Amino acid sequence: AGDEAVAVPAAGKKAAKKAAKKDAKKEVKTSEDAAGDEAVALAAAAAKKAARTDAKKEGKAARPDSILFEQCYKGRVVPESEWPDFVASLRTDLPVTLRFAAAHPLAAALESYMERTFMQPGALDAPPPEAAPEDAGEGGADKAAMAVVASEKPLARIPWLQNAWKLDLPKAVLRRAPGPKRLHNFLKTCTELGAISRQEACSMVPALLLDSRPGLRVLDVCASPGMKTLQLLDVAAPSAAVAATNASAASAATGALADPSAVLGAGAVVSNELDGRRCCMLAHHVLRTRNPAGLVLHHNALSLPDLGHQFDRVLCDVPCSGDGTIRKAPQLLAGWRPNKSSALHDLQLRIACAGAERLAEGGRMVYSTCAFSPIENEAVVSALLQRADGALELVDCSGELASLPRRPGLEHWDVPAGARQCKQAVFLQNPDEAAARGLDIPASAWPPKGEAATQLGLPGVLQRCWRMYPHLGDSGGFFVAVLRRVGDKPLPDGFVPNPKVVVAADSEQTQEMPAVGAGDAAEAADDLPEDAVCKEKLPDSQKEAKFAAAKSNERTSELVEEALVFYGLDGVPLDNFFVRNEGEGRNVYLVSDAVRDALLASPSSLRALIGGVRVFDENRFLKASSCKMRLVQEGVNWLAPLMRRRRCPASPSEMLWLLEGAKVSFADLAADSAFRASLEGLESQGSVAVVCDLPDGTRLCAAAERGARCVTLFVNQHEMRELRQTMLEYLCPGQER
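These numbers come from a predicted model, not from an experiment.

### Overview of the environment of arginine 350
Inspection of the secondary structure assignment puts arginine 350 in helix H14 (residues 339-357). Residue class for arginine 350 comes out buried when judged on its relative accessible area of 0%.

### Thoughts on the sheet that holds strand E22 (residues 613-618)
Strand order in the open sheet formed by five strands is E18-E19-E20-E22-E23, and the pairing between neighbours is antiparallel. Strands at the two margins of the open sheet, each flanked by one partner only, are strand E18 (547-549) and strand E23 (629-631). Direction aside, the axes of adjacent strands within the sheet are offset by 40 degrees on average. Taken together, the three bridges between E18 and strand E19 (residues 577-580) define a ladder with antiparallel strand orientation. Residue pairing across strands places alanine 549 opposite phenylalanine 578, the latter belonging to E19.

### Quick notes on the confidence of the model for the protein chain
Per-residue confidence for the protein chain gives a mean pLDDT of 83; residues scoring 70 or more make up 78%. Per-residue pLDDT stays below 50 along residues 1-10; that stretch engages in zero contacts with residues further than four places along the chain or on separate chains. This model gives residues 131-150 a pLDDT under 50, and the stretch forms 31 contacts once residues within four places in sequence are excluded.

### Quick word on unusual backbone geometry
Following serine 224, the chain continues to proline 225 via a peptide bond in cis, the omega torsion being 5 degrees. Omega for the bond connecting leucine 458 with proline 459 falls within 30 degrees of zero, at -5 degrees, which places this linkage in the cis form. Here proline 459 lies in the loop between helix H17 (450-456) and strand E14 (466-468). Located in the positive-phi region is aspartate 389, a residue other than glycine, with phi close to 55 degrees. Position of aspartate 389 among the secondary structure elements: in the loop between helix H15 (378-388) and strand E10 (392-394). Although it is not a glycine, aspartate 474 adopts a positive phi angle of roughly 50 degrees.

### Quick word on the packing of aromatic side chains
Tallying each qualifying case throughout the model produces 20 aromatic pairs. Measuring from ring centre to ring centre gives 6.3 Å for phenylalanine 69 and phenylalanine 86, while their planes differ by 10 degrees; the resulting arrangement is stacked. Placement of the pair is phenylalanine 69 in helix H2 (residues 67-73) and phenylalanine 86 in helix H3 (residues 83-90), with a sequence separation of 17 residues. You'll find phenylalanine 69 and phenylalanine 86 in the same group, each marked buried. Here the aromatic rings of tyrosine 113 and phenylalanine 118 are separated by 6.3 Å at their centres, their planes lie at 80 degrees, and the arrangement is edge-to-face. Neither tyrosine 113 nor phenylalanine 118 differs from the other in exposure class; each is buried. Here the basic side chain of arginine 76 rests over the ring of phenylalanine 427, its NZ or CZ set 3.7 Å away from the ring centre. Between arginine 406 and the ring centre of tryptophan 466, over which it is positioned, the NZ or CZ distance is 3.8 Å.

Procedures and definitions
- In this convention, every chain numbers its residues from 1, walking through the sequence in written order.
- At least 70 in pLDDT is required for a residue's local features to be given in this predicted model, at least 80 for side-chain atom pairs to be given and counted, and no such filter applies to totals for whole chains, interfaces and linings, which use all residues.
- Excluded from the side-chain calculations are hydrogens and water; all other atoms, namely the structure's heavy atoms, are used.
- Here a strand is any run of E in DSSP of at least two residues, a helix any run of H or I of at least four, and the numbering for each starts at the N terminus.
- Type-normalised accessible area, obtained with a 1.4 Å probe on protein chains alone, sets the label of each residue: buried when under 20%, exposed when over 50%, and partly exposed for intermediate values.
- In this scheme, strands are said to pair when DSSP sees at least two bridges between them.
- Orientation is described by lines fitted to C-alpha atoms, with helices fitted over the stretch in contact, and by angles between N-to-C directions that extend from 0 to 180 degrees.
- Confidence scores per residue from the predictor, reported as pLDDT, run from 0 to 100.
- Contacts are residue-level and defined by heavy atoms, with any inter-residue pair within 4.5 Å sufficient.
- Put simply, two rings from Phe, Tyr or Trp (the six-membered ring, in Trp's case) pair if the centres are within 6.5 Å, and we call them stacked under 30 degrees between planes, edge-to-face over 60, tilted for the rest.
- By definition here, charges over rings are those cases where NZ of Lys or CZ of Arg is within 6 Å of the ring centre and within 35 degrees of the ring normal.

Structural data, given as structure tokens:
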């Protein structure tokens, strides 16, 4: 019995040990499976990335060899003598082009620094490669590229546009060679500050030809991603307000003010986008400009609500096939087919007509695409002029932008047809022939003939349009036409054509889009490029809220009026302040007079994502302040020139100290400091605007909180860090606090 009693525990121990080993094996297997799953996921991601890269490479290699592309464009759109140069240009990558934002308070100083530093001989030279491609292994191509300078002037101004630059360097050089890498880091900082915008050179032309000016009401009908809107906001920025922010420190001490009408009379730049995802992208870009003239809407361009007025300028940069961007997106050529242009023509014409309806008498409208096809370009302009019956005229812009290479518009073109897997394009003579092939292409896609052509002004009138080709100016492809609303003739009834309605294959709702084939609506929708099929729903992260006048809510009205007195903003009317969430929002926005009128015209139906610039928020932390509204960084550049009180001048060294993020005690400032004197001279705690004049005359403004014995900036950490780095490295190097 004793031996048995001893054996049982021993057997139990062996069983336990065996079970433990089994569990350990299971854990190892589980961890191996998990690691295997992770490895599989990583491998799948790598394969997906490689596939995208291969697709892009294949697209680039295939660019000049697309049979349909050549059949439709060689000798028909691009002159046959220029075709080799045109094809060669499509094989090359686009140079980087960028534009400094004229309205940004630091843009001029940063542009000047870039010109002084990186335009010097040798500043952007790349060292010789350490190894040739054949013996360098992986990365050899990058090392070889380090020795390549793309042009004699890798950094140069774009001659036909102020504040615009072209950077022609391979990416490997820009990110790795010492001199170019410094430039790359500088441009990243400028982008973070909102001082520059990356934009393809030809894409800047439509906003230029719109000839906008401060105080005008401008509508950008299909605005996403928003680069042209930013251009227009730059023009709308009131020069008087910008000049006031660059005034001397003495003006801040004496209380000299800018004229409030310089800010409030900035006009309006109303940018609209129907697609929810792209509208959020547009809002993100406009938000960075911090401009009281900006208004972002989320509406169908064909049914915009009443905005209280007609527009002096209208930009219709319509959805298009986008084959002018093949240098930037070579994969577009893999799915290129002429049916895409036919599918878009009706939609483009309706958007252009809707834009023209919003144009005031004598106003100017620009119609543009990044496409080569005349069906999307001259055919739309021709149909627009015919429908207007003399109420619109095509403007001759031959005297503008003389140094920009371009070609005149076409007056004769063919209407090709060809779907996926098609090896031969068919050129249709009329709508009946199209219908016989099962295609529904409107008659307006063909060039006008006979009496219609004579009434239009052919031959000659369509040559006023501009065509920009990649091989002419080392750019992308673009089409631009400028139209003017004739003052003494109204648009005829039924000017905007009725839509053709089909159902998109991946949509839950009916979409308004042109049908290109009889019978199958899903196939018709498939001929449209992605950006022409809109999904109206906003992303879940983006919430819509109504804008309401601050004076519409009694409590909000009292808070804003109190702030106007507290900061000495007597010249700014309460009417120009708005809040969200039915007047109870804690954030207060300043808007121009024109944006105010638009917001008040349709308060219940207007779907606005951005309106003006945030200038106040409710102060729930500094209880000792006698004003419940504090200044915020987004709007301090606009309010500081208008403030008679609580504007404190600081030296560059004092501003650097504040930008460290620490609380600065009054006692630690120099006894003779003007900044200290202005802080101690204030009767109460609360927000102040700190203004700092840099050595080159640029003025930097920052919102701050003045406590009982110290002051600290009210700026987010990221922006504070970028501003400090910009001051130390670019604007006042060698300056110490």
